[in-house]
Each structure stands twice: as C-alpha cells, then as structure tokens.
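Per-entry structural report
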Amino acid sequence: MTAYELLASGLGQLGLSVDPQAVEKMLQYSDLLLEKNKVMNLTAVTDPKEVVTRHFLDCAALAPYIREGQTVLDVGTGAGFPGIPLAVLCPGAQFTLLDAQRKRIDFLAEVVSALGLANVTPVHARAEEFAAQHRASFDLAVSRAVADLRVLCELTLPMVKTGGLFYAMKAADCGDEVGTASRAFAILGAPAAELLRYTVPHDGVERVLVRLQKTADTPDKYPRRFKKIQSDPL
Ligand code: SAM
C-alpha cells in the first residue's frame with residue numbers, strides 16, 4: 001500500500017469520511033516534517049508510512065469528538081501532534097497550537113502557510129504562562145506525550161471553559177496514572193475521568209483517550225509556577 005492508500009483506508013476504518021484534498025494536505029505535511037527533521041529534532045519516525053500510522057492515524061482518532069465552530073487548544077504540540085492532523089480533518093473548528101520551543105512553532109508557521117490552514121494559530125509560550133491571559137477560553141483541549149496527568153491537567157484545565165472537555169492521549173496501560181491523578185482532577189474542576197479505548201488502524205497499537213469534562217471553575221491559584229507544579233504535583 002502507498003502512504004496515500006494507508007491513510008485513506010485508516011481514516012475510513014476510524015469512521016471518518018475520506019476527503020482526497022485532506023489526505024493530500026496531510027501527506028504534504030508529512031513531506032515537510034521529514035524534510036525539516038533532517039536538520040532539527042521533530043520526530044523519531046523517518047518512514048512516510050510510519051508517519052501515517054504512528055502520527056496521523058493515532059491523532060485522527062480524536063476527530064470524531066470535535067464539532068464545527070469549537071475552539072481547540074493543543075498543549076505541547078511539538079511538531080504539530082495532534083493539532084495539525086485534526087485541523088486538516090476538522091476545518092470548521094479553530095485550533096491554537098501551543099509549545100514552549102520556538103523552533104517547533106516556527107516550523108508550524110511554515111506548515112500553516114504551505115498548507116493554507118486558515119484555522120490554525122501556532123503560539124510560542126509555556127502553557128502555565130499562557131493560561132494567565134486565557135483562563136476558561138477554549139471549548140476543548142487536547143494533548144499527546146507532554147507530561148504525567150497530574151502535571152498536564154494543571155497546565156491545561158485552567159484554559160478549558162467550564163462545561164468544556166480535555167482529551168489527553170495516553171498509552172493503553174495508563175490506568176495507574178489516571179488513578180493517581182484523581183485528586184488533581186477534582187481540585188481542578190474535572191472530577192470524573194472516562195477512558196475511551198481505540199486501536200490505531202494499520203498499526204494495531206491500543207491507545208486511550210482520557211476524557212475529562214470540566215464541571216466546575218478551576219480555582220484561581222492554578223496553574224502554579226512550573227517548578228511548583230513539578231516538585232509538588234496535585
Ligand atoms: N504532542 C507532540 C507529539 O505528540 O508528538 C509533542 C510531544 S513532545 C514529547 C512534548 C512537547 O511539549 C515539546 O515540544 C515541549 O516543548 C512541549 N512542552 C512541554 N512542557 C510544556 C509547557 N509547560 N508549555 C508548553 N509546551 C510544553
């Protein structure tokens with residue numbers, strides 16, 4: 001199978017409609033990613049078909065949960081995961097892609113321009129600092145491979161609207177991590193975690209979306225400074 005066929009068939013397996021233009025855009029992004037990866041560290045993956053399975057199809061599993069008109073924050077987006085694949089698949093939602101590393105955000109600005117993604121804003125900032133001006137501002141937050149849930153939730157939930165949702169993408173064996181974070185969930189206003197299991201098409205890897213609905217405002221004292229978040233997690 002070509003990378004195009006792999007991606008189109010995988011999206012179909014996830015129940016997503018396959019728009020040929022969206023598939024082409026994602027493959028264009030893959031080319032940009034692998035080219036830039038030769039001069040800066042963006043991903044451990046070097047094979048275009050692995051970009052499709054390990055990055056695109058994993059991230060695409062979140063697309064069915066995003067609605068037209070929603071604002072979505074990707075915390076610690078790195079080279080654009082899950083934010084860029086989701087923005088291509090959900091053109092009716094608005095995405096803010098946040099990362100603490102300037103070079104990664106500069107790369108994402110190039111991607112946004114090359115792909116003509118009018119629904120993506122890359123932002124260079126630390127989440128705990130960005131939160132000061134963006135409290136309770138986003139309908140949804142998403143994040144993959146950034147931090148342990150206790151830390152990640154303190155960085156992210158303050159920026160989610162009350163009534164909004166946070167989807168943390170985690171490994172299949174995240175049960176203990178979720179259990180340890182239950183106190184943090186409650187303190188930050190999202191007491192009940194739901195685990196949504198899925199299998200990445202053509203990869204076979206089992207993954208989990210930890211879904212947290214924010215049912216109460218996050219107390220003003222969170223997020224604390226990063227040193228404190230790390231040294232004394234909730
Ligand atoms: N989400 C991407 C993925 O799944 O490929 C990138 C994961 S990478 C391992 C973690 C990223 O989180 C890095 O790019 C790092 O700069 C960013 N990051 C870590 N802590 C952060 C913080 N407090 N605020 C913003 N970005 C952060």
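What counts and how
Residues numbered from 1 in each chain as written. Predicted model: local features only at pLDDT ≥ 70, side-chain atom pairs only at ≥ 80, totals over all residues. Heavy atoms only, no water. Core = buried A, V, L, I, M, F, W, Y, C linked by side-chain atoms within 4.5 Å. Buried < 20%, exposed > 50% of the residue type's maximum accessible area, 1.4 Å probe, protein only. Helix = DSSP H or I, 4+ residues; strand = E, 2+ residues; numbered from the N terminus. Contact = heavy atoms within 4.5 Å. Axes fitted to C-alpha atoms, helices over the stretch in contact; angles between N-to-C directions. Left-handed = near helix turned anticlockwise from the far one by under 90°. Nonpolar A, V, L, I, M, F, W, Y, C, P; charged D, E, K, R; others polar. Near = heavy atom within 4 Å. Polar contact = N/O pair within 3.5 Å; in protein donor to acceptor, adjacent residues only side chain to side chain. Areas by Shrake-Rupley, 256 points an atom, 1.4 Å probe, with all protein chains shown as cover. Pairing = 2+ DSSP bridges. Right-handed = clockwise from strand over helix to strand, strands pointing away. Salt bridge = Lys/Arg side-chain N within 4 Å of Asp/Glu carboxyl O.

A look at the nonpolar core
Counting residues in each nonpolar core, the largest one holds 54 residues, and the members touching the most others are L7, I84 and F95. With seven residues, helix α2 (residues 20–36) is the single largest residue contributor to this core. In contact with F95, other than residues within four places in its own chain, are I66, V72, G83, L86, A87, C90, N119, V120 and T121. Counting 20 residues, the second-largest nonpolar core is a separate cluster that includes A141, L157, V160 and F185.

Considering the packing of α2 against helix α5 (residues 102–115)
The interhelical angle for the contact between α2 and α5, taken along N-to-C directions, is 145 degrees, at an axis separation of 10 Å. The chirality of how α2 crosses α5 is right-handed. Residue-level contacts link K25, Q28, Y29, L32, L33 and K36 of α2 to F107, E110, V111, A114 and L115 of α5. The class makeup of the residues in the contact of α2 with α5 is seven nonpolar, one polar and three charged.

A few points about the site of the ligand
Taken together, 16 residues form the shell around the ligand, and within it G76, F81, D99, R104 and R144 come nearest. Interatomic distance of 2.7 Å between a backbone N/O atom of F81 and a nitrogen atom of the ligand. Contact with the protein chains removes 80% of the 600 Å² of surface that the ligand exposes when unbound. The class makeup of the residues in the shell around the ligand is seven nonpolar, four polar and five charged.

What to know about the side chain of D99
Summarising the element assignment, D99 is placed in strand β2 (residues 94–99). Polar contacts involving the side chain of D99 include one to the main-chain amide nitrogen of T77, which spans 3.4 Å. Those residues within four positions of D99 in sequence are excluded, and the remaining contacts are G76, T77, G78, R104, I105, V123, H124 and A125.

So, the pairing of strand β4 (residues 138–144)
The element β4 is extensively covered by neighbouring structure, given that seven of its seven residues are classed as buried. Of the pairings in the sheet, the one linking strand β1 (residues 71–75) to β4 comprises three bridges and is parallel in character. From the neighbouring strand, V72 faces β4, where its bridge partner is L140. Where β4 and strand β5 (residues 160–171) come together, six bridges link them in parallel fashion. Bridging across to β5, V142 finds its partner in Y167. Chirality of the crossover, the property in question, places the unit of β4, helix α7 (residues 149–156) and β5 among those that are right-handed.

Examining the pairing of β5
As paired elements, β5 and strand β7 (residues 206–213) share seven bridges and run antiparallel to each other. When the bridges of β7 are listed, K170 appears paired with V208.

Describing the pattern of salt bridges
Side-chain pairs of opposite charge can arise where the charged atoms are in close proximity. Counted according to the given criterion, the structure contains 14 salt bridges. A salt bridge links D58 to R144; its shortest N-O distance comes to 2.9 Å. With D58 in helix α3 (residues 48–60) and R144 in strand β4, this residue pair connects regions lying 86 residues apart in the sequence. Judged on exposure class, the residue D58 and its partner R144 are both buried.

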